[in-house]
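Structural characterization, general
Spelled out, the chains give:
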Amino acid sequence: METRELRGCSEDELIEICEKIGLKRFRASQLFQWVQQKAVRTWEEMKNIGASDRQAFSSRLSLYPLEKVREQRSKDGTRKYLFRLDDGETIECVLMDYARTRSRDRHTVCVSTQVGCAVGCAFCATGLEGFRRNLTVAEIVGQVIDITHEVRQEDPDFQVTNLVFMGMGEPLLNYDHLLQAIHLLNQSKGLNIGMRRMTISTCGVVPRIIQLAKDNPQVGLAVSLHAAQDDVRNELIPMNRRYPLSQLMEACQEYTEITHRRITFEVALTTENARPEEAEALARLLKGQFGHVNLIPVNPVAGTGMERPNPELMRKFAQVLEDAGMSVSSREERGTDIDAACGQLRRQWEGELK
Ligand code: SF4
């Protein structure tokens, strides 16, 4: 009999399974809460479900927690995890803690959606390794569950508050699984992470941006722009050849018209592109968009030849955009003393195995 992945099932799907195997519906709610809210990793931990019912469930449902194979901790508290999946593939995810003074602390997990990535951005360690496969719903949700489980060993009240789908892979190329995972992570009987506290980052998959606007799950959208001219962006993000800037900007307009939500435009700055002319071109491109620009000093990755610009160059770049009336921020640097750029930890680990 074919089994489903428990961590990828909604409560309604678990109710259906209960009905098929002759268990009471409330067992589905208990099971859902153990897995999605209490973040347990084994059947034995589900204390209020008897052994025979657990046995009946396990004939229909498989439970594969992710296996932590490496963890790095930064001086600023950022933790980067390398998890092994059931088939031996590995993925990265990152937990960033931000202490707040006025409201509760923010605990943000950067989630992966694919093993490897087909997009092949020039500045990205994940892209250098190529695409292996999409993550299942259970594997996407599982990253947040297993990080929660891990941190609760030290702090039993720990809760993830924010998610950014900015880890390995292009989230909009695994669209259906991404949306199902978002729905599960938002459940009040689960981790209860608000939709508005989730952000999907894309390099510009135009049809999916429009689809996301229509489906409108109330999550934030960040577009990795990185260059304001097609010839430069073609080199940085090969997908730009398929969906050039004119199409991307139209899709962004449509997205904001439908959702009334502001888009974050991400711009990675290197010693090459952190120039006033680039900033002026960016201001022209984004004129009329309902957006905000986030400047990111690039993380140096061996093999890409890219270097981080000095703070003065970044400040001048931001000033040009602000003078053009744009809202601008610089991403707070996290985990710079560990392999923080997406894909670096996995590359390093796989290199050691060779
Ligand atoms: S930056 Fe994102 S989309 Fe580009 S190669 Fe890396 S993982 Fe893929």
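Up top you'll find the structure we're talking about.
About the cut-offs
Residues numbered from 1 in each chain as written. Predicted model: local features only at pLDDT ≥ 70, side-chain atom pairs only at ≥ 80, totals over all residues. Heavy atoms only, no water. Buried < 20%, exposed > 50% of the residue type's maximum accessible area, 1.4 Å probe, protein only. Helix = DSSP H or I, 4+ residues; strand = E, 2+ residues; numbered from the N terminus. Pairing = 2+ DSSP bridges. Axes fitted to C-alpha atoms, helices over the stretch in contact; angles between N-to-C directions. Contact = heavy atoms within 4.5 Å.

Taken residue by residue, a regular strand's side chains alternate between the two faces of the sheet. With respect to burial, strand β6 (residues 106–110) is a largely interior element, four of its five residues being buried. Pairing geometry for strand β5 (residues 90–98) and β6, over five bridges, is antiparallel. Its bridge partner lying in β6, Val 94 is registered against Cys 110.

Turning our attention to the sheet that holds strand β9 (residues 162–165). Read across the open sheet, the 10 strands follow the order β3-β4-β5-β6-β9-β10-β11-β12-β13-β14; overall the sheet is mixed. Edge positions in the sheet fall to β3 (67–73) and β14 (328–330), since each has one partner strand and no second. Strand-to-strand twist of the sheet, defined as the mean angle between neighbouring strand axes without regard to direction, takes the value 20 degrees. On the sheet, helix α11 (residues 311–323) packs against β12 (263–269), β13 (291–297) and β14 and is oriented at approximately 170 degrees with respect to β13.

Before going further, it helps to spend a moment on the side chain of Thr 270. Among the secondary structure elements, Thr 270 is positioned in the loop between β12 and α10 (276–286). What Thr 270 contacts, discounting residues up to four positions off in sequence, is Val 298, Met 306, Glu 307 and Pro 309.

The next point concerns the environment of Ser 330. Following the sequence through the fold, Ser 330 ends up in strand β14. Put simply, Ser 330 and Ile 296 are 34 residues apart on the chain and 6.0 Å apart in space, counted from C-alpha to C-alpha. Beyond its immediate stretch of four places on either side in the chain, Ser 330 contacts Asn 294, Leu 295 and Met 314.

This brings us to the environment of Phe 83. Inspection of the secondary structure assignment puts Phe 83 in strand β4 (residues 79–84). Phe 83 gets classed as buried once you look at its relative accessible area, which sits at 2%. Residues Phe 83 and Pro 207 lie 124 residues apart in sequence; the distance between their C-alpha atoms is 31 Å. Leave out the neighbours within four places in its chain, and Phe 83 touches Leu 66, Glu 67, Lys 68, Glu 89, Thr 90, Ile 91, Cys 93, Gln 143, Asp 146 and Ile 147.

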